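# Structural characterization, general
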Amino acid sequence: MTSGEFRKPMWDAERVLAFRHYLGFTQEQMAAYLGTAQATISDWETARHQTLRRTSQHVLNLMAERAGFWLT
């Protein structure tokens, strides 16, 4: 992998929160964008769900890539 290639992050509570802040979204706005409940975003950010479902991780990876949010 070269330094310029996108590396898919592992989504933990800290990264979900950082990404939401990077986008400038409230929890409600991010939930609406993803078609989920605000409580789900809150659960992700407070580590109530230690591991996000594969589908959720995939969607966040796509969003991060489009937004230029690079994490290693």
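Because the structure is predicted, anything quoted here is derived from the model rather than measured.

### Observations regarding the confidence of the model for the protein chain
- Summarising the model, the protein chain shows a mean pLDDT of 85, and 82% of its residues fall at 70 or more.
- Mean pLDDT values over the elements of the protein chain span from 91, in helix H4 (residues 54-67), up to 96, in helix H2 (residues 27-34).
- Contacts of residues 1-5 to residues separated by more than four positions or lying in other chains number two contacts, the stretch itself having pLDDT below 50.

### Describing the pattern of salt bridges
- One pass over the full model with this rule turns up two salt bridges.
- The salt bridge partner of Arg20 is Glu45, with a shortest N-O separation of 2.5 Å. Of this pair, Arg20 sits in helix H1 (residues 13-23) while Glu45 sits in helix H3 (residues 38-45); the two residues are 25 residues apart in sequence, bridging distant segments of the chain. As far as burial versus exposure is concerned, Arg20 and Glu45 are alike and both buried.

### Structural notes on unusual backbone geometry
- Residues other than glycine seldom take positive phi values, yet Ala47 does so here, at roughly 60°.
- Inspection of the secondary structure assignment puts Ala47 in the loop between H3 and H4.
- Overall, the relative accessible area of 27% leaves Ala47 in the partly exposed class.

### Section: the layout of surface pockets
- Here the largest pocket defines a volume of roughly 230 Å³.
- Lining of the largest pocket is provided by 12 residues; of these, Thr36, Thr40, Trp44, Arg53 and Ser56 occupy positions nearest its centre.
- Contributions of two or more residues to the lining of the largest pocket are made by H3 and H4.
- Here the element with the most residues in the lining of the largest pocket is H4; it accounts for four residues.
- A breakdown of the residues in the lining of the largest pocket according to their chemical character gives five nonpolar, six polar and one charged.

Rules behind the numbers
- Residues numbered from 1 in each chain as written.
- Predicted model: local features only at pLDDT ≥ 70, side-chain atom pairs only at ≥ 80, totals over all residues.
- Heavy atoms only, no water.
- pLDDT = per-residue confidence, 0-100.
- Helix = DSSP H or I, 4+ residues; strand = E, 2+ residues; numbered from the N terminus.
- Contact = heavy atoms within 4.5 Å.
- Salt bridge = Lys/Arg side-chain N within 4 Å of Asp/Glu carboxyl O.
- Buried < 20%, exposed > 50% of the residue type's maximum accessible area, 1.4 Å probe, protein only.
- 1 Å grid on protein atoms, 1.4 Å probe; cavity = no way out; pocket = protein on both sides within 12 Å on 5 of 7 lines; lining within 4 Å.
- Points joined across faces, edges and corners; volume = space filled by probe spheres on them.
- Nonpolar A, V, L, I, M, F, W, Y, C, P; charged D, E, K, R; others polar.

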